[in-house]
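Residue strings, one per chain:
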Amino acid sequence: MKIGALTVAYGDLPLEQALDRLVGLGIEAIELGTGNFPGNAHCDPKSLLDDPRRAQRLRAQIEDRGLSISALSCHGNPLHPDPEVARAAHTTWLRTARLAEILQVGVVNGFSGCPGDGRGASVPNWITCPWPPEYAEVLAWQWAESAIPYWREQCEIAGAHGVRIGLEMHPGFLVYNPETLISLRQATGPELGANFDPSHLFWQGIDPVRAIRELAEAGALFHVHAKDTFVDRHNVERNGVLDTKTYDQVPRRAWTFRTVGFGHGEAEWREIVSALRVAGYDGVISIEHEDILMSRDEGLERAVQTLRSVVPRERADAPWWI
């Protein structure tokens, strides 16, 4: 396994400076944002597709530093009820898939998206309970009329470009846990799987190790993010885990994104990494820095330190007693 990082944390720096900073922190692979929510500060697919020589220079800049590209990320909402928003997200995904083929990157990460409550809606509507009955009806419509047709077509496109789609299980979108991820995969195609990010599972009460096992059994474990979550038991016991307060209200929130090791200890991260190895995952564990209490430099440095202590550096030799 390699320790990687999403370069978005250094989006204000030119690519070469960002790469040098990451190499200095001990990063071995990078994940590039190509638009939508991550932005495209270091990797604009349109300009790179317009001039393939620029794409090759980008790859050379990365490889000359001993780095590889684990994934391209274009997290957006292609199912958004506003046609312009959906079209923009979809266009970015299409360009990213084409660029991934050129750069020989095997995974494009994103979100499943979330539609509105029917035709004519203007904003997404994330359904979290089946009653009153109109909620269940809306949810069935979202899946049957929006998500499944869209992602079935995108699986065909991904297959044509030789890439896989890594959806991040994220509340607020139709795919937010292993069950919804596997359901969408079964309804659309094997090109669709998970960009596994335990931070969104921790606060939902989902065991990451069990989630890894379920995803692996379904053949749906494509890419991994390293991000932690601190769950504030005092606030959870008062108000539960669903929380709409802004992220800067840390003392009042039920949970807060933290760097690796500051939400859950080394022992739990060792279990996660071991479960990944048991599942046959030998790819990159890509750090996503979103810790509001720690600078990006320190957050990434601490994450690398924790992961370095739990991530095996080499494949195991065959046991001598077998």
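Refer to the structure above for everything that follows.
Residues numbered from 1 in each chain as written. Predicted model: local features only at pLDDT ≥ 70, side-chain atom pairs only at ≥ 80, totals over all residues. Heavy atoms only, no water.

Asker: Honestly, the state of the cysteines in this entry has me stumped. Any pointers?
Answerer: Cysteine pairs can be linked by a disulfide, which is a covalent bond between their two sulfur atoms. Applying the stated criterion across every chain yields a total of zero disulfides. C74 provides the cysteine sulfur closest to C155, a residue in no disulfide bond, and the two sulfurs are 14 Å apart. (Disulfide = S-S within 2.5 Å.)

Asker: Help me out: how do you make sense of empty space enclosed by the protein in this one?
Answerer: To find the voids left in a structure, one rolls a probe of water-molecule size over its atoms. Taken as a whole and assessed by the stated rule, the structure comprises two cavities of 30 Å³ or more. Size it by volume and the largest cavity reaches roughly 100 Å³. Taken together, 15 residues line the largest cavity, and the ones lying closest to its centre are C74, W93, G110, F111 and W151. Counting residues per element, the ones that place at least two in the lining of the largest cavity are α4 (83-103), β4 (107-110), α5 (133-161) and β5 (164-168). No other element matches β4, which puts three residues into the lining of the largest cavity. For the lining of the largest cavity, a count of residues per class yields ten nonpolar, five polar and no charged. Along its surface, the second largest cavity is lined by N235, N239, G240, L242, D243, K245, R252 and A254. Within the lining of the second largest cavity, the residues separate by chemical class into two nonpolar, three polar and three charged. (1 Å grid on protein atoms, 1.4 Å probe; cavity = no way out; pocket = protein on both sides within 12 Å on 5 of 7 lines; lining within 4 Å. Points joined across faces, edges and corners; volume = space filled by probe spheres on them. Helix = DSSP H or I, 4+ residues; strand = E, 2+ residues; numbered from the N terminus. Nonpolar A, V, L, I, M, F, W, Y, C, P; charged D, E, K, R; others polar.)

Asker: Hey, could you run me through the pairing of strand β7 (residues 221-226) in this one?
Answerer: Regular strands have side chains that alternate between both faces of the sheet. Within β7, six of the six residues are buried, which leaves the element mostly enclosed by the surrounding structure. Bridging between strand β6 (residues 192-196) and β7 involves three bridges; their strand directions are parallel. The residue of β7 that forms the bridge with A194 is L221. Across three bridges, the pairing between β7 and strand β10 (residues 284-287) is parallel. Residue V224 lies in a different strand from β10, and its bridge partner there is I285. (Buried < 20%, exposed > 50% of the residue type's maximum accessible area, 1.4 Å probe, protein only. Pairing = 2+ DSSP bridges.)

Asker: Would you take a moment to explain the packing of helix α6 (residues 178-188) against helix α8 (residues 208-217) for this structure?
Answerer: When two helices pack together, their arrangement is captured by the angle between the axes and the distance separating the axes. α8 packs onto α6 with a crossing angle of 10 degrees between their chain directions and a minimal axis gap of 10 Å. Taken together, the axes of α6 and α8 are roughly parallel relative to one another. On the side of α6, the interface is formed by P178, L181 and I182, while α8 contributes A211, E214 and L215. (Axes fitted to C-alpha atoms, helices over the stretch in contact; angles between N-to-C directions. Parallel < 35°, antiparallel > 145°, perpendicular 65-115°, else oblique. Contact = heavy atoms within 4.5 Å.)

Asker: What should I look at first to understand helix α1 (residues 15-24) in this one?
Answerer: An α-helical segment advances 3.6 residues per turn. Residues three or four places apart therefore align on the same side. Here α1 has its buried residues at L15, A18, L19 and L22. Projection of α1 onto a plane perpendicular to its axis shows the buried side chains occupying an angular sector of 100 degrees, all on one side. On its buried face, α1 sits against β1 (2-6), β2 (29-33), α3 (52-63) and α11 (296-310). Following α1 by one or two positions, G26 has its phi on the positive side, about 100 degrees. (Arc of directions from axis to C-beta.)

Asker: How do you make sense of the nonpolar core when you look at a structure like this?
Answerer: Here is a general trend for soluble globular proteins: nonpolar side chains tend to be buried in one another's company. In terms of nonpolar packing, the biggest core is built from 75 residues, with L181, I287 and L307 touching the most fellow members. Of all the elements, α5 adds the most residues to this core, at seven residues. Setting aside residues up to four positions removed in sequence, L181 forms contacts with L167, M169, V175, L192, G193, A194, L215 and A220. Grouped together as the second largest cluster of nonpolar side chains are six residues, W203, V236, A254 and F257 included. (Core = buried A, V, L, I, M, F, W, Y, C linked by side-chain atoms within 4.5 Å.)

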